[in-house]
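Understanding the architecture of this molecule
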Amino acid sequence: MAAAQPRPAPPRWAGNPAEGSAMEAAGGEERDLLTQRLKAAVHYTVGCLCQDVAENREVQFSKQTIAAISEITFRQCENFAKDLEMFARHAKRSTVTTEDVKLLARRSNSLLKYITQKSDELTSSNMEQKEKKKKKSSAAKGGRTSGEQVTVTESEDSNMA
């Protein structure tokens, strides 16, 4: 297995440098634990997918093959994450957008088509939800306004008596 690539050092914490080192170590340990959990989840998912393929195609996958596919998948996802971060940073943004994902998928026509389709579906769904909220809020305001008018009318009637 290849040696782990060095990570950029997290920022130093204000205060005692010894405390900062302890906090950095704790943060590094937490990051390593999260990475291990994520790797385990990827390994489990790859195992399930290989099992499905094995049943459908009557093929067998060795544990080493599943482990290799899992490792390659995890590394590719890390590369994707770095690329997406760089695309957003290049555009002077701190948030990855669907346009960044489309740019990442540009080499695979079928993947790009699928992502574009899903992005369009999400956009139209979000627009519909916004319109519904807008109608509800305007209906609620309209309902209050007519209720207020009725109240004013009733108070005017009582003042006239």
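Structure: above.
Now for a quick tour of the structure.

Criteria and cut-off values
Residues numbered from 1 in each chain as written. Predicted model: local features only at pLDDT ≥ 70, side-chain atom pairs only at ≥ 80, totals over all residues. Heavy atoms only, no water. Helix = DSSP H or I, 4+ residues; strand = E, 2+ residues; numbered from the N terminus. Buried < 20%, exposed > 50% of the residue type's maximum accessible area, 1.4 Å probe, protein only. Salt bridge = Lys/Arg side-chain N within 4 Å of Asp/Glu carboxyl O. Patch = residues over 30% accessible without salt bridge, like charges linked within 9 Å, V, L, I, M, F, W, Y side chains within 5 Å. Areas by Shrake-Rupley, 256 points an atom, 1.4 Å probe, with all protein chains shown as cover.

1. So, unusual backbone geometry
Unusually for a residue other than glycine, Glu-58 sits at a positive phi of about 55°. Looking at the element boundaries, Glu-58 is found in the loop between helix H1 (17-57) and helix H2 (63-90). The phi dihedral of Lys-92 is positive, around 60°, even though this residue is not glycine. Topologically, Lys-92 is positioned in the loop between H2 and helix H3 (98-104). Under the relative-accessibility criterion, Lys-92 is labelled exposed at 76%.

2. So, the pattern of salt bridges
Applying the stated criterion to the full structure yields five salt bridges. Notably, a salt bridge pairs Arg-75 with Glu-71, separated by 2.9 Å at the nearest N-O pair. Separated by four residues within a single helix, Arg-75 and Glu-71 lie in helix H2, roughly one turn from each other. Between Glu-99 and Lys-102 there is a salt bridge, with the nearest N and O atoms lying 3.3 Å from each other. Of this pair, Glu-99 and Lys-102 both sit in helix H3, three residues apart, roughly one helical turn.

3. Notes on a nonpolar patch on the surface
Taken together, the side chains of Val-53, Val-59, Phe-61 and Ile-69 present a nonpolar region at the surface, about 260 Å² in accessible area. Mapped onto the secondary structure, Phe-61 falls in the loop between H1 and H2. Classification of Phe-61 as partly exposed rests on a relative accessible area of 30%.

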